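Understanding the architecture of this molecule
One-letter residues, chain by chain:
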Amino acid sequence: MWHPWKRRIADLEAREQRLIDDLDDARRERDTERFNNGIITRQFCEADAANKRLHGRNVHLTEQLGKAREAANDGALDEMGRRLDRALRACARYRADVDGQARLIRNQQQLLDTFHGLDTPAVAEGEHWQQRRHDKISGVTR
């Protein structure tokens, strides 16, 4: 026979189990929220630090831009342009001088070769003499 108090106990046990399940769900949800809050806080701190760095960089670039505008108004850029033009002309002169020196060196080397007889046909024919040697071991290259 089923007693009403047994039914009441069964109802209370079922309610207790539901409350325990609800408590477990609430704890899991709380732990998830704490974890997510930690991530969000860390990301916010990183974003705030990046924002502060960018603000400092923006201030620095704004100052540099102001200085550049002042320099442009003062004619400093024109002076810099003139200096660059002078430097480019000097570079072209130096380059021409280097080319002239290289030609002079080649001509002097040719005169020296002629003086010592190194530009004769006999020397040119003997250029590959090692390849025609009679005592050369076959299959060996140097």
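Just so you know, these numbers come straight off a predicted model, no measurement behind them.

Right, let's talk about the overall build of the protein chain for a bit. A count of helices and strands for the protein chain gives three helices and zero strands. Start at the N end of the protein chain and walk to the C end: the helices and strands fall as α-α-α. Accessible surface for the protein chain amounts to roughly 13500 Å². Of this, 56% is attributable to carbon and sulfur atoms.

Quick look at helix α1 (residues 4-74) now. Spanning 71 residues, α1 covers 102 Å between terminal C-alpha atoms, matching the ideal 105 Å at 1.5 Å per step. Looking at the residues trailing α1, positive phi occurs at Gly75, about 85°.

The next subject is the pattern of salt bridges. Evaluated as defined, the whole model comprises four salt bridges. For the salt bridge of Lys52 with Asp48, the shortest nitrogen-to-oxygen distance reads 3.4 Å. Of this pair, Lys52 and Asp48 both sit in helix α1, four residues apart, which is roughly one turn of the helix. Its salt-bridge partner being Arg82, residue Glu79 comes within 3.0 Å of it at the nearest N-O pair. Of the two residues, Glu79 and Arg82 both sit in helix α2 (residues 76-115), three residues apart, roughly one turn of that helix.

Cut-off values and rules
- Residues numbered from 1 in each chain as written.
- Predicted model: local features only at pLDDT ≥ 70, side-chain atom pairs only at ≥ 80, totals over all residues.
- Heavy atoms only, no water.
- Helix = DSSP H or I, 4+ residues; strand = E, 2+ residues; numbered from the N terminus.
- Areas by Shrake-Rupley, 256 points an atom, 1.4 Å probe, with all protein chains shown as cover.
- Expected span 1.5 Å × (residues − 1).
- Salt bridge = Lys/Arg side-chain N within 4 Å of Asp/Glu carboxyl O.

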